[in-house]
Structures are given as structure tokens and as C-alpha cells.
Amino acid sequence: MTTPQPVLAQLSESATFLTLTINPGGEAAVRDLLPDLAGLVRSVAFPLPEERLTCVTGFGSQAWDRLFTGPRPTGLHPFQELTGSRHHAPATPGDVFLHIRATRQYPCFELARRVVNRLGDAVSVYDATPGFRYFDRRDLLGYVDGTENPADAAAARAALISDGPFTGGSFLIVQKYLHDLAKWTAMPVEERDRSVGRHLADDVEIPDAQKAPDSHVSRTTIEDPDGTEHKILRDNMPFGSIARGEYGTYFCGYAADPAVTEKMLERMFVAEPPDLLLDVSTAVTGSLYFVPTAEFLDDPPG
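Let me begin by describing the structure that accompanies this report. Please read all numbers here as calculations on a predicted model, not as lab measurements.

We now examine the packing of aromatic side chains. Enumeration according to the criterion identifies 17 aromatic pairs in this entry. Measuring from ring centre to ring centre gives 5.1 Å for Phe 97 and Tyr 289, while their planes differ by 25°; the resulting arrangement is stacked. You can see Phe 97 sitting in strand β5 (residues 96-102) and its partner Tyr 289 sitting in strand β14 (residues 287-291), a full 192 residues away along the chain. Residue classification places Phe 97 among the buried residues on the basis of a relative accessible area of 1%. On the accessibility criterion, Tyr 289 (0% relative accessible area) is buried. Feature note: the residues Phe 59, Trp 64, Phe 68, Phe 166, Phe 171, Phe 290 and Phe 296 constitute an aromatic cluster, connected by ring pairs.

Here the focus is the side chain of Asp 139. In this structure, Asp 139 sits in the loop between β6 (123-132) and α4 (152-159). Buried Asp 139, no salt bridge; nearest opposite-charge side chain is Arg 138, N-O distance 7.4 Å. In this structure the side chain of Asp 139 is engaged in a polar contact, spanning 2.9 Å, whose partner is the backbone nitrogen of Leu 141. Every residue in contact with Asp 139, bar those within four places of it in the chain, is listed here: Tyr 134, Asp 145, Pro 238 and Thr 249.

Turning next to the pattern of salt bridges. By the definition in use, this model includes 20 salt bridges. Residues Glu 51 and Arg 104 are paired through a salt bridge, measuring 2.6 Å at the closest nitrogen-oxygen approach. Placement of Glu 51 in the loop between α1 (27-45) and β2 (54-59) and of Arg 104 in the loop between β5 and α3 (105-119) is noted, with a sequence separation of 53 residues between them. One salt bridge connects Glu 229 with Lys 231, and the closest N-O pair in it is separated by 3.5 Å. What makes Lys 231 partly exposed here is its relative accessible area of 29%. Salt bridges sharing common partners tie together Glu 148, Arg 198, Asp 203, Glu 205, Asp 208 and Lys 211.

Cut-offs and rules
Residues numbered from 1 in each chain as written. Predicted model: local features only at pLDDT ≥ 70, side-chain atom pairs only at ≥ 80, totals over all residues. Heavy atoms only, no water. Phe/Tyr/Trp six-rings, centres within 6.5 Å; stacked < 30°, edge-to-face > 60°. Helix = DSSP H or I, 4+ residues; strand = E, 2+ residues; numbered from the N terminus. Buried < 20%, exposed > 50% of the residue type's maximum accessible area, 1.4 Å probe, protein only. Lys, Arg positive; Asp, Glu negative; His and termini not counted. Salt bridge = Lys/Arg side-chain N within 4 Å of Asp/Glu carboxyl O. Polar contact = N/O pair within 3.5 Å; in protein donor to acceptor, adjacent residues only side chain to side chain. Contact = heavy atoms within 4.5 Å.

These results come straight from atomic positions and should not be treated as a statement about function.
As C-alpha cells, then:
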């Protein structure tokens, strides 16, 4: 029996993206937490059923061998840093990643707090970013995010491994992008539409014959020569800090095969010309994780 973690959970109104690194000697504490993680989620979620609190936990390549014995998931490797002619996608630290979702932010905060308190000195918090749903599922650039997400069975095919020893698992690539909103809002709407590949007003995709080949939609559409399209499951969210003047999108992409997401990023950053959206969006983090099944967390090998 394989029970996927809630990768396919309904898009939420709030999230916390929590990135942890394991301190030397902290491996046992992290392993000991895993069978208790579902109970920690229930301790926050049970009194608040309307919040639909979920948590997905993934592990980076270097952490996997420190934590677990036995086989490694095929395809698990460090995030591949990308450098193009004008843009850079950095690789940044991350051993354990928690994608926490709920209707409101406070259950996400509370679960993250309990996890970090439980782990104590075993880990360091590299990043903790609260995300929020913005207007009618738009990002801070003003465009609807995730329109072409697969649904139902197609979502499972895109995001979950369907056979082999890690059936039910998923690969997760995350990045934080900071937006230059002043530059963006100074652009004519027609130019913004061209950069994205959709119309701002109605979220309708620009027809292929008129779409710029370096638009974001064009660059992130992965097709075989026979026209077969390969999708991922996105759960991106806006984030921001008025005090720091930071406004961005947290990219969160699940895939049964990480090569699909990596091909998208390669087309965005390395292809010539690069993705137009990168002229106003700068990647500041990048990491790759494997998300095992619930049974794996309940009884981790090691």
C-alpha cells in the first residue's frame, strides 16, 4: 500500500514554505520526528477542520544519505544551477522542506513553530516564507497563476511516481522570485501580456500564432516532437515584505519526473532569447527535494 503525501491537496489561501538544514549530529532528531509528524499535523488541524491544514515534507539529495538507508530515488540530485546570457538561477541550501497549507496563515505558522521547536538545535532554519492567495488567484504581477494546472487523474499522472520502489512519491522544485514591480507597472499592458503569453484582463492565453516564442507560457510549455505535452503541478504563491520592499512569487512545482521541471527552467534561463518575464523577476533561491509516501515517513529506513 502506498499513500501519497497531500501533494494533490486543493490549492489553499495560505501557506508557509519552510526550508531547514540539518546541523552536524542532528540526523537522529530529524529521523525521530518523521513518524510523529502526522500527529503534529493533527494536533493543529483537528480542532480547526475548516482550515484544511496539510503538510508535505521533502528531503534534499545530500540529506537523503544522512537520514536513510537503502535505495535512493532515481532522479534525486542537487538543484542544477543555471546561468544564461542575462539571468541566473542559483542553487541554495535545503535538507528538509515543509510545504504547509491552510485556509488562514496562523495554522501554518503554528505547525511550523511546533516542528522547529521539536527539532531544536538539530536544524537551522534557512528560510521561512509565508505565502498568501492574492485576489482571484493572481500573482503580484497581476496575472492568474496556475490556470493550466492538470486536475484529478491528470494531476496524479503529472505529480506522482506511478511504479517502482518509490511509487506515490514526487519530486519538488522550489524557487523564490523577487519582482521589480516599479519596472513592471511602468510597462504598457500589451508588453506585459507579451511577456507572460496571456491577457491580463481575462486570463485568456494568446494564440500560438501570435504568442512571442520567448513569453513565459512559451518557455514553460514542454512538448515532445509528436505534440505530447508534459505538465507539472504548480502551487505557486505570492509573498512580500513592505518593510524590505520585497515582492515576489514562490514557485512550487511537483513532478513525477524532475527532468520536466528542469527542462522548463533551462528553457527559461538558458535558451536564447531567455524568458521575457525574467527581465522583471529574479530567482534568489533554488532547491530540489524528494517527497516520499506517508508510509515512508511513518517508518523511515535508517
